[in-house]
Amino acid sequence: MSTDGLIVVDKPGGITSHDAVARIRRLARTRRVGHGGTLDPMATGVLVIGVGRATRLLTYVIGAGKSYTATIRLGQATVTDDAEGDVVASTPAATVADEAIRAVLEALTGEIDQVPSAVSAIKINGQRAYKRVREGAPVDLPARRVTVSRLDVLALRRDQPDVVDIDVDVACSTGTYIRAIARDAGLALGVGGHLTALRRTAVGGFTLAEAVTLDELERRAPEVVGLPLAGAAERLFARRDATADETKVLSHGGPLDAVGRTGPYAVFDPAGGLVAIVSERAGRARAEVVLAPA
């Protein structure tokens, strides 16, 4: 099997994305491993991991849209906006009407300006925001424009006194914090809110249906790559087939003639190997990333 490619992992709860990458490094017997978008330790689900030359495709994976299922709890606010943090305020939510909850979530759909959670991996003067919070330093993150294209209420549950649990299905742009949706819904309703469960169901076209567990990868190591490099590129990009001469030019960093395509696309050699990811400008197709073996 190829040692260069992508793995769609179903990350378990209780470990960081970095922990998952470290385990894949051991299983794949290479240090050249990275992930295409952080999942919080509490979160489970789709984590796209690149091995070998496929790590250079991860920047495109990171920018893809994401889908989640999640549970929002109204009536309690936490320091982290999720269940991993201490409760800092409790306000009974039993009297909050279902219609009011649905209206607030509808208002958090579409293009919105969202302030990321203070306990996030965003850097402030070179330091992660969550580290500043732990050290007691102030954190003031600016709002970011994100898109929540779908926020469907799957269930409203009042199983416990003073809290309301809302199961939701969310599709959003990269950079959207589901924790922040829970926080902002609670703020808007005056009762506080946080996230109690989060499962990522898709990253771009990569879904839970093809995801494998770390235990499954352990059993088949070191052959852990599920989607070899060329196949991974075909999943992410439109395809262009190059001649032998074009392959030689492109593999050395030279440009090709443009063919009138917008956005980056993948160029393959006559044998079907991936040469580069290119984009067109000023009448030329120039490599953004060269992936042909040296």
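Presented here is an overview of the structure given in this document. (Residues numbered from 1 in each chain as written. Predicted model: local features only at pLDDT ≥ 70, side-chain atom pairs only at ≥ 80, totals over all residues. Heavy atoms only, no water.)

### Some words on the overall build of the protein
Counting its secondary structure elements, the protein contains eight helices and 19 strands. Out of the 294 residues in the protein, the part that is buried amounts to 45%. Of the accessible surface of the protein, which amounts to about 13,800 Å², a share of 50% is contributed by carbon and sulfur atoms. Across the protein, the 36 positively charged side chains and the 35 negatively charged ones have centroids separated by 7 Å. (Helix = DSSP H or I, 4+ residues; strand = E, 2+ residues; numbered from the N terminus. Buried < 20%, exposed > 50% of the residue type's maximum accessible area, 1.4 Å probe, protein only. Areas by Shrake-Rupley, 256 points an atom, 1.4 Å probe, with all protein chains shown as cover. Lys, Arg positive; Asp, Glu negative; His and termini not counted. Charge placed at Lys NZ, Arg CZ, Asp CG, Glu CD.)

### Focus: the sheet that holds strand 15 (residues 239-241)
With mixed pairing, five strands are arranged side by side in an open sheet as 15-17-18-19-16. Either end of the sheet is taken by a strand with one partner, and the two such strands are strand 15 and strand 16 (256-257). Two elements, strand 18 (residues 274-281) and strand 19 (residues 284-290), share six bridges in a ladder whose sense is antiparallel. Looking at the pairing, arginine 281 lines up with arginine 284 of strand 19. (Pairing = 2+ DSSP bridges.)

### Considerations on helix 7 (residues 229-236)
The α-helix winds at 3.6 residues per turn, so residues separated by three or four positions along the chain end up facing the same way. Taken as a whole, helix 7 has its buried residues at Leu229, Ala232 and Ala233. Down the axis of helix 7, the sector holding all buried residues measures 100 degrees, keeping them to one side. Here the buried face of helix 7 lies against strand 1 (5-11), strand 14 (227-228), strand 17 (265-268) and strand 18. (Arc of directions from axis to C-beta. Contact = heavy atoms within 4.5 Å.)

### Re the nonpolar core
Core analysis: the largest hydrophobic core is formed by 46 residues, its most contacted members being Ile24, Ile72, Leu74, Ile178 and Leu217. Setting aside chain neighbours within four positions, we find leucine 74 in contact with Ala93, Ile101, Asp162, Val163, Val164, Ile166, Ala185, Gly186, Leu189, Val191, Gly192 and Gly193. Listed in part, the 24 residues of the second largest apolar core include Val46, Leu229, Ala266 and Leu291. (Core = buried A, V, L, I, M, F, W, Y, C linked by side-chain atoms within 4.5 Å.)

### Brief notes about the pairing of strand 17
Burial of the side chains of strand 17 extends over both faces: Tyr265 and Val267 are buried on one face and Ala266 and Phe268 on the other. Where strand 15 meets strand 17, three bridges bridge the pair, whose relative direction is parallel. When the bridges of strand 17 are listed, aspartate 241 appears paired with phenylalanine 268. With four bridges connecting them, strand 17 and strand 18 associate as antiparallel partners.

### Quick word on the pattern of salt bridges
Pairing of side chains with opposite charge becomes possible as their charged atoms draw close. Considering all chains together, one arrives at 21 salt bridges under this definition. Put simply, Arg23, Arg26, Asp215 and Glu218 are held in one network by salt bridges that share partners. (Salt bridge = Lys/Arg side-chain N within 4 Å of Asp/Glu carboxyl O.)

### A few points about the packing of helix 3 (residues 98-107) against helix 5 (residues 178-189)
Following both chains from N to C, one finds helix 3 and helix 5 inclined at 130 degrees, their axes separated by 10 Å at the closest point. Relative to helix 5, the element helix 3 is oriented oblique. In this structure, the crossing between helix 3 and helix 5 has a hand that is right-handed. Note on element contacts: helix 5 touches helix 3 through Ala185, Ala188 and Leu189, opposite Ala100, Ile101, Val104 and Leu105. (Axes fitted to C-alpha atoms, helices over the stretch in contact; angles between N-to-C directions. Parallel < 35°, antiparallel > 145°, perpendicular 65-115°, else oblique. Left-handed = near helix turned anticlockwise from the far one by under 90°.)

### Considerations on the side chain of aspartate 4
Relative to the elements of secondary structure, aspartate 4 occurs in the segment before strand 1. There is a polar contact of 2.9 Å between the side chain of aspartate 4 and the backbone nitrogen of arginine 53. Contact partners of aspartate 4, with chain neighbours within four places excluded, come to Val51, Gly52, Arg53, Ala54, Val225, Leu227, Pro228 and Leu229. (Polar contact = N/O pair within 3.5 Å; in protein donor to acceptor, adjacent residues only side chain to side chain.)

Note that every value here comes from positions in space, so none of it alone points to a role or purpose.
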